Amino acid sequence: MGVTGWAPTRLCRLACLVGIFLLLLLLCFSSLRLQLPSSTCIWGVRPCRWIGGVPPSKEDAERKPPPSASPPSAATGAALLPQTPSKPQDLGEGFQVGRLQRAFADSLTPSGQILIREYLSGWKELVKFMDSLGAAFGLISGETRTKMAILQENQRGPHGAHYRTVQSMVRFELARGLVGFQSLPAGRPPSGCRTFLRLHRALKWLELFLLKLGTSPEDADPSRMCADAYQEALAPYHSWWVRQAAALAFLAMPSQRELYRILNAGGGDEDKGLRRLLDTVHSIAHVYNATQELYAAHGMLALP
Ligand SMILES: *[C@@H]1O[C@H](CO)[C@@H](O)[C@H](O)[C@H]1NC(C)=O
């Protein structure tokens, strides 16, 4: 028996791996839902039940008056379920890399202020992009939507004026003692600063992934790139379970050709598409760097 005998079994091994990961994923979901509702959520330690307490989308929420100190509707078991993307018609539809680029370019004022509304518009495009990466990304994009909803809620709330820029949000929440440096304040929704930090970390992951996509040879493997970017940017903040679930999601990614097609939506030739992709990465990196600096200056890079 030579080592060469292993080559045809690669597929088999992959299938086994997928099976094991599926099992882990199942375990992960059931433990998220049934056993660890108050200790684990995908971006870190936070009760998942807040997911049930925030409006699912901007449009929905705009129709309602902002709920005051919205008590989580834990009466139904559904409130404990991780939020899944509720709009399948969003799958990659309407994603435009140009819009993504503009939103992040507009997020940073010449004086270095980071505008939260524009930042969230950028994330809206990124969520569409994630949804086009496969059903397994649903958990991540659902979690992202939740974070966005919390910040939109803050913007519409009585202190909305303080939530126009990240700088003013940080000033306001620090002055009011709303930022829990040691632990999350019980009985209150997570602070804007803490919520924004979760998006900020995830942004680095997507920045790195898009950069790799735009600078790798034609036949590179997107699953590998996405996993590497995740490893570098996000994995250190995630529990073992979430890392396994993420690893599974990355296995089932579209091909690079398909990703180029998604990223090129809006037309133009390939070179132009690639340039636009790298411009986008640049705009995202600017905003990321400005946020990173601000958070570092306030010692807020490790908010629980
Ligand atoms: C962001 O910061 C990194 C690391 O400090 C640096 O290498 C990169 O050039 C910066 N990017 C932009 C667009 O400012």
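Quick caveat, the model's predicted, so the values are computed rather than measured. (Residues numbered from 1 in each chain as written. Predicted model: local features only at pLDDT ≥ 70, side-chain atom pairs only at ≥ 80, totals over all residues. Heavy atoms only, no water.)

(A) Structural detail: the overall build of the protein chain. Each helix and strand counted, the protein chain has twelve helices and zero strands in total. Ordered by position from the N terminus, the helices and strands of the protein chain form the series α-α-α-α-α-α-α-α-α-α-α-α. Here the protein chain, with 304 residues, has 47% of them falling under the buried criterion. When contacts within the protein chain are restricted to residue pairs at least 6 apart in sequence, those whose partners lie at least 24 apart make up 73%. Accessible surface, the protein chain as shown: approximately 15,200 Å² in total, 58% of it carbon and sulfur. (Helix = DSSP H or I, 4+ residues; strand = E, 2+ residues; numbered from the N terminus. Buried < 20%, exposed > 50% of the residue type's maximum accessible area, 1.4 Å probe, protein only. Contact = heavy atoms within 4.5 Å. Areas by Shrake-Rupley, 256 points an atom, 1.4 Å probe, with all protein chains shown as cover.)

(B) Seen up close, the packing of helix α8 (residues 192–215) against helix α12 (residues 270–297). At a closest axis distance of 9 Å, the pairing of α8 and α12 adopts a crossing angle of 150 degrees. In terms of their interaxial angle, α8 and α12 are classed as roughly antiparallel. Crossing of α8 against α12: the hand is left-handed. Two secondary-structure elements touch here, α8 through C193, F196, L197, H200, L203, K204, E207, L210, L211, L213, G214 and T215 and α12 through L274, L277, L278, V281, I284, A285, Y288, T291, Q292 and Y295. Broken down by class, the residue content of the contact of α8 with α12 amounts to 15 nonpolar, five polar and two charged. (Axes fitted to C-alpha atoms, helices over the stretch in contact; angles between N-to-C directions. Parallel < 35°, antiparallel > 145°, perpendicular 65-115°, else oblique. Left-handed = near helix turned anticlockwise from the far one by under 90°. Nonpolar A, V, L, I, M, F, W, Y, C, P; charged D, E, K, R; others polar.)

(C) Highlighting a negative patch on the surface. Taken together, the side chains of E218, D219, D269, E270 and D271 make up a negatively charged region of the molecular surface. Tracing the backbone through its elements, the reader meets D271 in helix α12. You can call D271 exposed: its relative accessible area is 54%. (Patch = residues over 30% accessible without salt bridge, like charges linked within 9 Å, V, L, I, M, F, W, Y side chains within 5 Å. Salt bridge = Lys/Arg side-chain N within 4 Å of Asp/Glu carboxyl O. Lys, Arg positive; Asp, Glu negative; His and termini not counted. Charge placed at Lys NZ, Arg CZ, Asp CG, Glu CD.)

(D) Representation of the site of the ligand in the model. Around the ligand sit H282, A285, H286 and N289, and that is every residue in its neighbourhood. At 2.3 Å, a side-chain N or O of N289 approaches an oxygen atom of the ligand. Protein chains bury 36% of the 360 Å² of accessible surface belonging to the ligand in isolation. By residue class, the composition of the shell around the ligand is one nonpolar, three polar and no charged. (Near = heavy atom within 4 Å. Polar contact = N/O pair within 3.5 Å; in protein donor to acceptor, adjacent residues only side chain to side chain.)

(E) Seen up close, helix α4 (residues 97–106). Every buried residue of α4 is accounted for by V97, G98, L100, A103 and F104. In this fold, the buried residues of α4 make contact with α5 (116–131), α8, α11 (256–263) and α12.

(F) Summary view of helix α10 (residues 240–251). Taking 1.5 Å per residue as the helical rise, α10 with its twelve residues ought to reach 16 Å, and the 17 Å between its terminal C-alpha atoms agrees with that figure. For α10, the set of buried residues is V242, Q244, A245, A246, L248, A249 and F250. (Expected span 1.5 Å × (residues − 1).)

(G) Quick peek at the nonpolar core. Ranked by size, the top nonpolar core spans 62 residues in total, and within it W123, F129, W205 and F209 carry the most contacts. It is α8 that provides the largest number of residues to this core, a total of twelve residues. With near-sequence residues (within four places) excluded, F209 lies in contact with F129, L133, P222, M225, C226, A229, M253 and L259. (Core = buried A, V, L, I, M, F, W, Y, C linked by side-chain atoms within 4.5 Å.)

(H) Highlighting the packing of α4 against α5. Viewed as axis vectors pointing N to C, α4 and α5 meet at an angle of 155 degrees, and their least axial separation amounts to 7 Å. Judged by the inter-axis angle, α4 sits roughly antiparallel to α5. For α4 against α5, the interelement crossing comes out left-handed. Along its contact with α4, which presents R99, L100, A103, F104 and D106, the element α5 presents E118, Y119, S121, G122, W123, E125, L126 and K128.

(I) Region of the structure containing the packing of aromatic side chains. Under the counting rule described, the total for this entry stands at eleven aromatic pairs. Judged by centre distance (5.3 Å) and plane angle (65 degrees), the rings of Y230 and F250 are edge-to-face. A residue pair is termed long-range when its members are at least 10 positions apart, and Y230 in helix α9 (residues 222–233) and F250 in helix α10 qualify at 20 residues. Of the residues examined, F250 reaches a relative accessible area of 4% and is grouped as buried. Through a chain of ring-to-ring contacts, three or more aromatic side chains come together here, namely F137, W205, Y230 and F250. Lying over the aromatic face of Y237, R201 brings its terminal NZ or CZ to 3.8 Å of the ring centre. If you follow K204 out to its NZ or CZ, it ends over the ring of Y288, 4.5 Å from the centre. (Phe/Tyr/Trp six-rings, centres within 6.5 Å; stacked < 30°, edge-to-face > 60°. Lys NZ or Arg CZ within 6 Å of the ring centre and 35° of its normal.)

(J) Looking closely at the confidence of the model for the protein chain. Looking at the protein chain, the pLDDT average stands at 77 and 68% of residues meet or exceed 70. Mean pLDDT across the secondary structure elements of the protein chain bottoms out at helix α2 (residues 50–53), with 34, and peaks at helix α7 (residues 166–175), with 97. Taken together, the stretch residues 1–9 has pLDDT below 50 and engages in one contact with residues farther than four places along the chain or on a different chain. When the criterion is pLDDT under 50, residues 27–92 qualifies, and its contacts beyond four places in sequence or with other chains add up to 102 contacts. (pLDDT = per-residue confidence, 0-100.)

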